[in-house]
Amino acid sequence: MFNRKKKLISSFLCVVVAASIWGGQANSLDVSAKQKKMTVTDIKASYVVEDAETGEIYASHKANKKIYPASTTKVLTICTIVRRMEKKNVQMNDYVKITKKMIDSVPSGSKCAYLKKKRKYSYKDLIGLVIVCSAADAVQALNKSLYKTSRLFVKDLNKMASDIGMTKSYFDNGIGLDKGNGFKKIHTTANDMMKLAKYASDNCPIINKMSKKKRIRVYDKSHKYLHSFRNTNMFYRGYKYSKKKYEIVGMKTGYTRIARNTLLTKTKAVGTGNRSLLVVVFNIGGNENVYEDTRLLLDAYSSAR
């Protein structure tokens, strides 16, 4: 009797283990099948793929659909700030003194670098904080150091967009906040954001330099206070891509509850026969993975045909 029970228990355990193994293999096969099925044609996001050197557009999808840019707005912000600095003869190594007004003007819930009042930071480092870690307090420090009012800054922001050719865009703030935060007018399209990405790539060296940093370390003028942040771009934080074909060298990430995930990407070709690309990808209300979508697009169009 005892031996019979032992055999039954042993048989039951074998069945359980086999089912578990098969179940695990089945799940693995399901995941693998899903990954194999995912192609460019499955991408739901709004996107544009362009040659970074020639400006030739290789692919686009819902590129004129109204979208919210989130923190990719900050690329336009820095282009505007750099032009203003040139106009006012302000140098990158000049310093901005952080005031209470600057800190208090940062909208609640915005990502910050926690700049300290009365401390001084260089324009170069503040720009770096905006591009690398999306610091809203650095945005406010920059625009309030160069403009008397927020209205004048927003006017210049849209003048810059117009000069670039962003005809279907409007920006009511330089942080990228949208109707989820009370800023109801901001909007753009993937086509317009590609125009911005191309302009920044060709004309704004500070963005190219800063956006490829994996980490930024910033001291104030006294060298007593350090800000250290990792790049918000997940391609610099372990997200895998085809490094034998191309290298990610910028530009900017973004996220809000309304915009979802947004991403501007610049690549440098690796090896002969490969292209340097600019790719802009914007969620359109779903839960798409902008990094996976971007990787698929880069893999599909990085090689010359």
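One can find the structure itself at the top, above this paragraph.
Residues numbered from 1 in each chain as written. Predicted model: local features only at pLDDT ≥ 70, side-chain atom pairs only at ≥ 80, totals over all residues. Heavy atoms only, no water.

1. Some remarks on helix H6 (residues 150-164)
Here's step 1: Taking 1.5 Å as the rise per residue, H6 with 15 residues should run 21 Å; its terminal C-alpha atoms sit 21 Å apart, in good agreement.
Here's step 2: Among the residues making up H6, those that are buried are Phe-153, Val-154, Leu-157, Asn-158, Met-160, Ala-161 and Ile-164. The arc enclosing the buried residues of H6, seen along the axis, measures out at 150 degrees, which places them on a common side. Exposed residues on H6 whose side chains face more than 90 degrees from its buried face are Arg-151 and Lys-155.
Here's step 3: The secondary structure elements touched by the buried residues of H6 are helix H2 (73-87), helix H5 (136-146) and helix H7 (190-203).
Here's step 4: A positive phi of about 105 degrees marks Gly-165, the residue just after H6. (Helix = DSSP H or I, 4+ residues; strand = E, 2+ residues; numbered from the N terminus. Expected span 1.5 Å × (residues − 1). Buried < 20%, exposed > 50% of the residue type's maximum accessible area, 1.4 Å probe, protein only. Arc of directions from axis to C-beta. Contact = heavy atoms within 4.5 Å.)

2. A short note on the state of the cysteines
Disulfides are covalent bonds that link the sulfur atoms of two cysteine residues.
Here's step 1: Evaluated as defined, the whole model comprises zero disulfides.
Here's step 2: A disulfide-free cysteine, Cys-112 has its sulfur positioned 9.4 Å from the sulfur of Cys-133, the nearest such atom.
Here's step 3: Residue class for Cys-112 comes out buried when judged on its relative accessible area of 19%. (Disulfide = S-S within 2.5 Å.)

3. Digging into the packing of helix H4 (residues 123-133) against H5
Here's step 1: Packing of H4 against H5 brings their axes to within 8 Å, and their N-to-C directions diverge by 140 degrees. By the angle between their axes, H4 is oblique relative to H5. Crossing of H4 over H5 shows left-handed handedness. Across the interface between the two elements, Tyr-123, Leu-126, Ile-127, Leu-129 and Val-130 from H4 touch Ala-138, Val-139, Ala-141, Leu-142, Ser-145 and Leu-146 from H5. (Axes fitted to C-alpha atoms, helices over the stretch in contact; angles between N-to-C directions. Parallel < 35°, antiparallel > 145°, perpendicular 65-115°, else oblique. Left-handed = near helix turned anticlockwise from the far one by under 90°.)

4. Here's the deal with the environment of Tyr-123
Here's step 1: Here Tyr-123 shows up in helix H4.
Here's step 2: For Tyr-123, a relative accessible area of 5% puts it in the buried group.
Here's step 3: Measuring from C-alpha to C-alpha, the distance between Tyr-123 and Val-82 comes to 9.5 Å, with 41 residues separating the pair along the chain.
Here's step 4: Beyond its immediate sequence surroundings of up to four residues, Tyr-123 is in contact with Met-85, Val-90, Gln-91, Met-92, Asp-94, Tyr-95, Val-96, Leu-142, Ser-145 and Leu-146.
Here's step 5: In terms of polar contacts, Tyr-123 uses its side chain to reach the side chain of Ser-145, at 3.1 Å. (Polar contact = N/O pair within 3.5 Å; in protein donor to acceptor, adjacent residues only side chain to side chain.)

5. Some thoughts on the pattern of salt bridges
Here's step 1: In total, this model carries eight salt bridges according to the counting rule given.
Here's step 2: For Asp-163, the salt bridge is made with Lys-159, and the minimal N-O distance between the two is 2.9 Å. On the criterion of helical spacing, the pair formed by Asp-163 and Lys-159 is a turn pair, its members being four residues apart in helix H6.
Here's step 3: We note a salt bridge from Asp-299 to Arg-295, for which the minimum N-O separation is 2.8 Å. (Salt bridge = Lys/Arg side-chain N within 4 Å of Asp/Glu carboxyl O.)

6. Quick look at a positive patch on the surface
Here's step 1: There is a patch of like positive charges on the surface, built from Lys-97, Lys-117, Lys-118, Lys-120 and Lys-221.
Here's step 2: Its location among the elements puts Lys-97 in strand S3 (residues 95-97). (Patch = residues over 30% accessible without salt bridge, like charges linked within 9 Å, V, L, I, M, F, W, Y side chains within 5 Å. Areas by Shrake-Rupley, 256 points an atom, 1.4 Å probe, with all protein chains shown as cover. Lys, Arg positive; Asp, Glu negative; His and termini not counted. Charge placed at Lys NZ, Arg CZ, Asp CG, Glu CD.)

7. Focus on the packing of H2 against H7
Here's step 1: Two elements in contact, H2 and H7, have axes whose closest approach is 10 Å; the angle formed by their N-to-C orientations is 45 degrees. It follows that H2 is oblique to H7 by the angle criterion. The handedness of the crossing between H2 and H7 comes out as left-handed. Judged by residue contacts, Thr-73, Val-75, Leu-76 and Cys-79 of H2 engage Met-193, Leu-196, Tyr-199 and Ala-200 from H7.
Here's step 2: Taken together, the residues of the contact of H2 with H7 break down into seven nonpolar, one polar and no charged. (Nonpolar A, V, L, I, M, F, W, Y, C, P; charged D, E, K, R; others polar.)

8. Here's the deal with the sheet that holds strand S1 (residues 46-51)
Here's step 1: Strand order across the open sheet formed by five strands is S2-S1-S9-S8-S7, with antiparallel pairing between neighbours. The sheet is open, and its two edges are formed by strand S2 (57-61) and strand S7 (246-256), each paired on a single side. Strand-to-strand twist in this sheet, taken as the mean axis angle between neighbours without regard to direction, amounts to 5 degrees.
Here's step 2: Judged from the five bridges that link them, strand S8 (residues 260-269) and strand S9 (residues 277-282) form a sheet pairing that is antiparallel. (Pairing = 2+ DSSP bridges.)

9. Overview of the side chain of Asp-172
Here's step 1: In this fold, Asp-172 is placed in the loop between H6 and H7.
Here's step 2: Despite its burial, Asp-172 pairs with no opposite charge; the closest candidate is Lys-185, at 6.8 Å N-O.
Here's step 3: Reaching out from Asp-172, the side chain makes a polar contact with the side chain of Asn-173 at a distance of 2.9 Å.
Here's step 4: Within the local environment of Asp-172, its side chain forms a polar contact with the backbone nitrogen of Lys-184, the two atoms lying 3.5 Å apart.
Here's step 5: Residues contacting Asp-172, with those up to four places away along its chain left out, are Val-154, Leu-177, Phe-183, Lys-184, Lys-185 and Ile-186.

By themselves, these observations are geometric and do not establish any function.
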